[in-house]
Amino acid sequence: MMDKNEFFDYMREHIRTYLPAEYADAKITTEETVKHNDVHLTALLIRQEGVSIVPSIYMDDLFRDYQNGRPVEDCLEAVAQLRVREEQNIRVHMDRIKGIMDYDNIKDRLQLRVCDYEDNKERLQGTVYQRQGDFALTCHVLLESSQKMEAGFRVMESMLEQWGVDRDTVYQDALAADAKRGPVLHNMDDALGIVLYGSPSRENLLEREGTLDMEGWNLPLFVLSSQTGKNGAGMLYQPGMMEKLSELLGGDYYVLPSSVHELLVVPADGAVDAKTLESFVQEVNAKEVDIQDRLSNKVQYYDAEGKTLVNAVAFEQKGRKLDVQKVSPALRSIILACAEIDGDTYTVKKGTLHFGELQALQQECRQEGLGEYIQFDQEGYDVQCKKTVTERFNIPASMEKKTGGRTPEKTQEKRRQL
């Protein structure tokens, strides 16, 4: 049986014999592409001379089918049929595609999509996006939109000059286009009824005024999406939407990043805490949500008084001090070093922590809500930490003045001596 690279090479070298005669002189290549959540996929590209638009046919799922016993000849036949269908789809959309360099032709087709910023750093390079806390909002152009599917492309920085517009214009026009598609809010009871029974009687709760009476529902759990149900998570960022949800739910609430298609909204009534909700989201994402549809594991909290959407775990932990003796040795050494310095910032030079230590430290800081104090993406440093992080910790007096000589720099120096 072939390994993945051998399979991809075999597909590239043998697909021509399965294609119609008009593809006899096509240029056939493979290309690795970074998709949602920085997933790397391998695409087969079959370019015909004189045709500028080439559909990407991703082969990773086919390779899994092949591993599970699907004959490679069957895989080749499937790719050939898909390539011919995609050619027909391109012809259907050709009039729209021809006008994509005229901004007036596409601005009503714009759409905002949401992704986890940390999980999409590679994919976001060169993309028009706006950072919103744990998330990034990307702009897309829709070529086709229905309840069955949405097809289009991301807006890249290189397109702005050709269109003669700036980032903010694209972002505002995407918001306006999404508003016309219509955000919807349903109670989970109604949403399940639609899925299970196809019930047409669903009320858009965004049309109500005042606080909702939730006594008649089994769960005070609500689904926010678009009318099509596709890529609806961006509806949360419609002007006034967060405040409207607060009005309906009677104050603060949690936002569970269910998928890129929808968000779950739960009143913050004290019945459950952020860590419990985050564990629930992590479990569901791991077992039920395809990685291409996965939004994030990070539950958000809307603070009605401050009118801000923040990381829920960090928000709830902010008033709670951590025991410096119960965190990992790596984090403890950084906190104690911060307690000793006279300046505002403590840094750990690049290469001081090995990869496993650094990854574990990043995960621990995320779980403990220390993101506003400790940064990991600064050039030249493994870690950059504000001295004010010490305010989040209970540090015994016996430890405040003496760290025992185990700061990361000294640990690294000792390693080198060994």
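All of these numbers come straight from a predicted model, not from anything done at the bench.

(A) Quick look at the pattern of salt bridges. This structure, assessed with the given rule, holds 17 salt bridges. In this structure, R12 engages D9 in a salt bridge whose closest nitrogen and oxygen atoms are separated by 3.0 Å. Within this pair, R12 and its partner D9 are both found in helix α1 (residues 4-14), separated by three residues, close to a single helical turn.

(B) How the structure looks around the sheet that holds strand β10 (residues 253-256). Strand order in the open sheet made by the six strands is β8-β9-β11-β10-β12-β13, with antiparallel pairing throughout. Two strands lie at the open edges of the sheet, namely β8 (183-187) and β13 (308-311), each paired on one side alone. Each neighbouring strand pair of the sheet contributes to a mean axis angle of 30 degrees, computed without reference to strand direction.

(C) Highlighting the layout of surface pockets. For the second largest pocket, the calculated volume is near 1,200 Å³. Residue assignment for the lining of the second largest pocket shows that the elements contributing at least two residues are α10 (274-288), β13, α11 (312-317), α13 (355-367) and β16 (374-375). The element that contributes the greatest number of residues to the lining of the second largest pocket is α13, accounting for six residues. Among the residues making up the lining of the second largest pocket, the classes are represented as eleven nonpolar, 14 polar and 14 charged.

(D) Highlighting the nonpolar core. One finds V155, W163, L224, L236, Y237 and L245 to be the most contacted residues of the largest nonpolar core, which totals 44 residues. Ranked by the residues each element gives to this core, the list is headed by helix α9 (residues 241-249), at five residues. Once residues lying within four places of it in the same chain are set aside, the contact partners of W163 are I100, M101, D102, Y103, I106, V141 and V155. In this structure, L322, L336, A337 and C365 belong to the second largest nonpolar core, which totals 25 residues.

(E) Molecular detail of the sheet that holds strand β17 (residues 381-386). One open sheet accounts for three strands, arranged β15-β17-β16; its pairing is antiparallel. Edge strands, defined here as strands with exactly one partner in the open sheet, are β15 (345-349) and β16. Examined bridge by bridge, β16 and β17 share two bridges and lie antiparallel to one another. Considered in β17, the bridge of I374 is made with C385.

(F) Examining the environment of H354 more closely. Residue placement: H354 occurs in the loop between β15 and α13. The spatial distance from the C-alpha of H354 to the C-alpha of D382 is 9.4 Å, given a sequence separation of 28 residues.

(G) Geometry of the packing of aromatic side chains. Tallied over the full model, the rule gives ten aromatic pairs. On the numbers, 6.2 Å between centres and 35 degrees between planes, the contact of F63 with Y66 is tilted. Residue F63 and its partner Y66 are both found in helix α2 (residues 60-67); the two are separated by three residues, about one turn of the helix. Y66 gets classed as buried once you look at its relative accessible area, which sits at 10%. By way of ring pairs, the aromatic residues F7, F8, F63 and Y66 are connected into one cluster.

(H) Representation of α1. Taken together, the buried positions of α1 are F7, F8 and M11. The buried side chains of α1 occupy one side of the element, clustering within an arc of 100 degrees when seen end-on. Structural note: α1 exposes N5 and E13 on the side pointing more than 90 degrees away from its buried face. Its side-chain oxygen at 3.3 Å from the backbone nitrogen of N5, D3 defines the N-terminal cap of α1.

(I) Expanded view of the confidence of the model for the protein. Mean pLDDT over the protein: 87, with 89% of residues reaching 70 or higher. Here residues 403-418 scores under 50 on pLDDT; set against residues more than four positions off or in separate chains, the count is 26 contacts.

(J) Focus on the environment of I15. If you trace the backbone, I15 turns up in the loop between α1 and β1 (27-35). Given a relative accessible area of 0%, I15 falls into the buried group. In the structure, I15 is positioned 64 residues away from V79 in sequence and 7.8 Å away in space, judged by C-alpha atoms. Setting aside residues no more than four positions away along its own chain, I15 makes contact with I28, L44, I46, L76, V79 and A80.

(K) Highlighting the side chain of S259. Structurally, the position occupied by S259 is in the loop between β10 and β11 (263-267). A polar contact of 3.0 Å, which involves the side chain of S259, links it to the backbone nitrogen of H261. Beyond its immediate sequence surroundings of up to four residues, S259 is in contact with A233, D293 and L295.

(L) Quick look at the packing of helix α12 (residues 329-340) against α13. As a packed pair, α12 and α13 sit with axes 9 Å apart at the nearest point and diverge in direction by 70 degrees. With respect to each other, α12 and α13 are oriented roughly perpendicular. Mapping the contact onto sequence places A330, L331 and I334 in α12 and L361, E364 and C365 in α13. Residue composition of the contact of α12 with α13, grouped by class: five nonpolar, no polar and one charged.

What counts, and where the lines are drawn
- Residues numbered from 1 in each chain as written.
- Predicted model: local features only at pLDDT ≥ 70, side-chain atom pairs only at ≥ 80, totals over all residues.
- Heavy atoms only, no water.
- Salt bridge = Lys/Arg side-chain N within 4 Å of Asp/Glu carboxyl O.
- Helix = DSSP H or I, 4+ residues; strand = E, 2+ residues; numbered from the N terminus.
- Pairing = 2+ DSSP bridges.
- Axes fitted to C-alpha atoms, helices over the stretch in contact; angles between N-to-C directions.
- 1 Å grid on protein atoms, 1.4 Å probe; cavity = no way out; pocket = protein on both sides within 12 Å on 5 of 7 lines; lining within 4 Å.
- Points joined across faces, edges and corners; volume = space filled by probe spheres on them.
- Nonpolar A, V, L, I, M, F, W, Y, C, P; charged D, E, K, R; others polar.
- Core = buried A, V, L, I, M, F, W, Y, C linked by side-chain atoms within 4.5 Å.
- Buried < 20%, exposed > 50% of the residue type's maximum accessible area, 1.4 Å probe, protein only.
- Contact = heavy atoms within 4.5 Å.
- Phe/Tyr/Trp six-rings, centres within 6.5 Å; stacked < 30°, edge-to-face > 60°.
- Arc of directions from axis to C-beta.
- Polar contact = N/O pair within 3.5 Å; in protein donor to acceptor, adjacent residues only side chain to side chain.
- pLDDT = per-residue confidence, 0-100.
- Parallel < 35°, antiparallel > 145°, perpendicular 65-115°, else oblique.

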